[in-house]
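Below, each chain spelled out in residue letters.
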Amino acid sequence: MAGYRPIIALDPVTLVEGVARVVVVTDGRDVRALYQIMEFRGFEKLAVGRHVEDLPKVMSAICGFCSWSHHLVSGKAVDSLLGRRPPVRARLTRTLLNYIQVLDSHLLHLTFIGLPDLVLWGEDRRDIVKLMSKNPGVASIALRTRSLLKKAEKRFVGKIQHGSLVLPGGVCRGLTEEDLAELRSTLAEVGKAVEELRRFFEERIARSGQFRRLLAREDFSMRCYSMGLVRGDSLELYDGTLRVVDSKGRVVEEVEDPAAYTNVVGEALVSWNNATLPYYKPAGPKFFSEESTLMVGPLARLNVAKEVPGERASEEYGKLIDAAGGKPLSNVVLYHWARLVEVLHCLEMIERLTESRELLEGELVDLAGSPRSRGVGIVEAPRGTLIHDYSMDDRMVATRARVITPTTINNTAINISLGKASARLVEEVRSEGRPSPETVATFESIIRSYDPCNSCATHCVRVGSRELSVSFRIVVLNERGEVLWQG
Amino acid sequence: MLRLAVVPGAVCGGCDVALASLGEKLAKLLEYYEVVYWPTAVDRKLSEFLKLDSVDVLIHMGGISTEEDARLAREVSAKARVKVSFGTCSVYGDIPGLNSIYSPAEIRESIASQVDVRVEGDALSLPQPVNYAAYTDLVEPDILAPGCPPDDKVLDQLLELLIRYAETGKLEARPVLLGDPESLCSRCPRNPKTTKIVMPGIRRLYEVRPEEGRCFLEQGILCMGPATRAICDHSCIKVNYPCTGCGGPVEYGSDSGLSMISTLASVLLVDSEKVALERGLARELDKIRDVVGSFYRYTLRKSSAYRLRVLRRGG
């Protein structure tokens, strides 16, 4: 297989701590980093045999962080199986919840991971606790917005995770005036916190020398294909055309029919990882090469879209592009900034939706439609394009399920990014006996930029919890598979 | 200060979020306990935690899907004075438990059969997957806190118990199953119009527009409320979605699927025996094409159905 040689003599690796680990391997000449996801669940198997109308609820258990995204995308796949089109009110309700999911997740990530990572560069500890002691104001933003959004979530879908909303062809409950009034007052509070966050980001991060230095670093670069939904040329999170642009920013794919994603996304399964390694299918599987790598998530979404709806979001998007020196955006540190753009976008879109009468009136479910054997749903989850692909029999029972999550898609890119930083790591280990703190920090930053959710990636993985701390360990092996260093 | 550890097995993260979202209530608990391990919240290495001789309270989350999960669960449980099985994965296996009837090889093949390229032979090892199990299959916990994830009612009860334990050093009858000792149905806000529920037939959820406020069973929709322990404030029912049974059976050790099937037998078409015969009770029941997912979605690993299968396989 082009560009990939099996790595041998690595069997003695038995140390397992944490949920994911980075194994750096070298055969004496090449150095390669393998981001291993180690937990194992397999929702593809347990979906088979289920009543298809139960899948949105069953599959949302894949992840306790983005459970709504799985709930919604599963609903779209089931709509497609049953040939149904949800009424406007149902579609808007689902869209609204998707915005809340993305908003909530991005805020959590920015404050728990993104800000500490960037603001505390060079310090021994870069987590929320340290941020709390140094910048208590901004650190408390997450706690404030979290409790506000949690209340709204509980009100709309009954629970903060694994809630209930989607029925085939619609939703089980419509929102009321009171729901929206409460949401508007929540948003006003969240909006204030977000403005604090935006200002902090601008003053303390975007303008800092450290951030500019990171932007110039080659090991943070990622020149590959970007994929995401668009509506026209605009950023879209719930329903649109699946677009792929290449590393020069040229549009190479526009997929209208979700089921045709198989022409664009290929998946490879290797024996050293419980998550697959996806690639841009027309380019073929070139492992550990940017030439066939697909990137998804906030950064990729800003590459595929030309506009970001929302006044404040659009303004922030402009600033980001200026700082990056134009598009396509090809430095993974910009993921955090892209997240901020999307936070503003979500806020403004939710504000618009809460003004819509259509959210309050009309049918909730449309039962009409002709069932078919296969149905595919695609949404943009917080971390990127999320695909559920099901088949069923004539008793409306699932016979096959395939789930491709954003973290799975980014798995290839994460491996390549870490590979870029690995040569230096191995050099340091060989000469000094251990890597420098700067190099370890680089590894952490790369992983945190992508915001991997390993629960999603193997449908899956234990990591849910680690999403907040992104705990992993680095192991360096020589060509005989002996451990040179671990930390 | 007592020592508290939160140890995840195979989790989705929902239980972590539920616990972490407790805010001030959690702060109250932490007046009594020092968190010696909780990967979500505390930057403390597992290796350091494993050096401790004992912990006072262990909160275990998630199921057991690899040898590593099992080894860790056993090792830390042996050191814990009070073991809490937290969340339905840990107590009953939950939705991932639907995979407990398959071997790890069968599960991996369901993924592998759908990819475009397979590369075998790399020797870099992964933790060995095992047949999926609940934490309670390995260890006998002192407190069982079901819910997917545990809801406010269960969380409040748990915090109260743990605070009382910290103050008195005592825990009453073990194991304690949290939630209220009644079915979710018994205090349902959708009081059925008649004292006796009559189910007019079976309607699958894709066939209906559920009415707000009316008993789901009376609409022909399967609702696990009668067979599920009251562990929440009717979260799903309040947003017009039938209970799917994430709280597990009313009593620990009983079989919620069998309870539900017995409930169905007593409410389905009971008002119209003659008509029922004509229309065919069996035909109505045949509409349920997924018995496991309908009745054992969260509890298959602990069910009699699972035990029968294991017996049949000679396991």
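Predicted model only: the values in this text are computed from it and were never measured.

Trainee: Sorry if this is basic, but what is going on with the sheet that holds strand 14 (residues 398-404) of chain A here?
Mentor: Working definition: the strands of a sheet are paired by backbone hydrogen bonds and lie parallel or antiparallel to each other. Residues and elements named next belong to chain A. In spatial order, the strands read 12-13-14; together these three strands make up an open sheet with antiparallel pairing. Each of the sheet's edge strands pairs with one partner strand only, and the pair in question is strand 12 (374-381) and strand 14. Here the strands of the sheet are splayed against their neighbours by 15° on average, with no regard to which way each runs. The sheet contact formed by strand 12 and strand 13 (residues 384-392) spans eight bridges and is antiparallel. Within strand 13, the position partnered with E380 by the bridge is T385. Lying over the sheet, helix 3 (residues 67-82) contacts strand 12 and strand 13, oriented at roughly 150° with respect to strand 12.

Trainee: Explain the pairing of strand 12 of chain A to me, please; I cannot follow it from the model alone.
Mentor: Along a regular strand, successive side chains alternate from one face of the sheet to the other. With seven of eight residues buried, strand 12 of chain A lies mostly within the body of the structure. What sits between strand 12 of chain A and strand 13 of chain A in their antiparallel hairpin is a turn of two residues.

Trainee: I would appreciate a short explanation of the nonpolar core in the present structure.
Mentor: It is characteristic of soluble globular proteins that their nonpolar side chains tend to be buried jointly. A:M59 and B:F86 are the most contacted members of the largest nonpolar core, which has 203 residues in total. With 16 residues, the top contributor of residues to this core is helix 4 (residues 88-119) of chain A. With sequence-adjacent residues up to four places away left out, B:F86 is seen in contact with B:C15, B:L19, B:I59, B:H60, B:M61, B:G62, B:A145, B:P150, B:L155 and B:L158.

Trainee: Please explain the sheet that holds strand 8 (residues 143-145) of chain B as it appears in this structure.
Mentor: All names here are of chain B. Spatial ordering of the open sheet is given by 2-1-3-5-8-9, a layout of six strands whose pairing is parallel. Edge positions in the open sheet fall to strand 2 (33-37) and strand 9 (176-177), since each of these has one partner strand only. The pairing of strand 1 (residues 2-8) with strand 2 spans four bridges and is classified as parallel. Residue A5 lies in a different strand from strand 2, and its bridge partner there is Y37. In the packing of helix 4 (residues 67-78) onto the sheet, contacts are made with strand 1, strand 3 (55-61) and strand 5 (80-86), and the angle to strand 5 comes to roughly 140°.

Trainee: Would you mind going over the pairing of strand 1 of chain B with me for this structure?
Mentor: Residue and element names in this part refer to chain B. With respect to burial, strand 1 is a largely interior element, five of its seven residues being buried. Two strands pair when backbone bridges link them, and strand 1 and strand 3 are joined in this way by five bridges, in the parallel orientation. Looking across to strand 3, one finds that V6 is bridged to I59.

Trainee: It is not clear to me how a nonpolar patch on the surface should be interpreted in this structure. Could you clarify?
Mentor: A surface patch of nonpolar side chains, amounting to about 240 Å² of accessible area, comprises B:L258, B:I261 and B:V291. Judged by relative accessible area, B:L258 falls into the partly exposed class, the value being 46%.

Trainee: Can you walk me through the environment of B:R203 in this structure?
Mentor: Residue and element names in this part refer to chain B. Here R203 lies in the loop between strand 10 (180-183) and strand 11 (229-230). Judged by its relative accessible area of 28%, R203 falls in the partly exposed class. Taking the C-alpha atoms as reference points, R203 and Q219, 16 residues apart in sequence, are found 7.7 Å from one another. Excluding residues that lie within four positions of it along the chain, R203 makes contacts with V208, Q219, G220, I221, E284 and K287.

Trainee: What is the right way to read the packing of aromatic side chains from this model?
Mentor: Given two aromatic rings, their pairing is described by the distance between the two centres and the angle made by the two planes. All names here are of chain A. As enumerated under the stated definition, the model contains seven aromatic pairs over all chains in all. Considering the side-chain rings of Y225 and Y280, the 4.2 Å spacing of their centres and the 35° angle between planes classify their relative orientation as tilted. On the criterion of sequence distance, the pair formed by Y225 in strand 5 (residues 225-231) and Y280 in strand 10 (residues 277-280) is long-range, its members being 55 residues apart. The burial state of Y225 is the same as that of Y280; both residues are buried.

The rules behind these values
- Residues numbered from 1 in each chain as written.
- Chains lettered and ligands numbered in written order.
- Predicted model: local features only at pLDDT ≥ 70, side-chain atom pairs only at ≥ 80, totals over all residues.
- Heavy atoms only, no water.
- Pairing = 2+ DSSP bridges.
- Helix = DSSP H or I, 4+ residues; strand = E, 2+ residues; numbered from the N terminus.
- Axes fitted to C-alpha atoms, helices over the stretch in contact; angles between N-to-C directions.
- Contact = heavy atoms within 4.5 Å.
- Buried < 20%, exposed > 50% of the residue type's maximum accessible area, 1.4 Å probe, protein only.
- Core = buried A, V, L, I, M, F, W, Y, C linked by side-chain atoms within 4.5 Å.
- Patch = residues over 30% accessible without salt bridge, like charges linked within 9 Å, V, L, I, M, F, W, Y side chains within 5 Å.
- Areas by Shrake-Rupley, 256 points an atom, 1.4 Å probe, with all protein chains shown as cover.
- Salt bridge = Lys/Arg side-chain N within 4 Å of Asp/Glu carboxyl O.
- Phe/Tyr/Trp six-rings, centres within 6.5 Å; stacked < 30°, edge-to-face > 60°.

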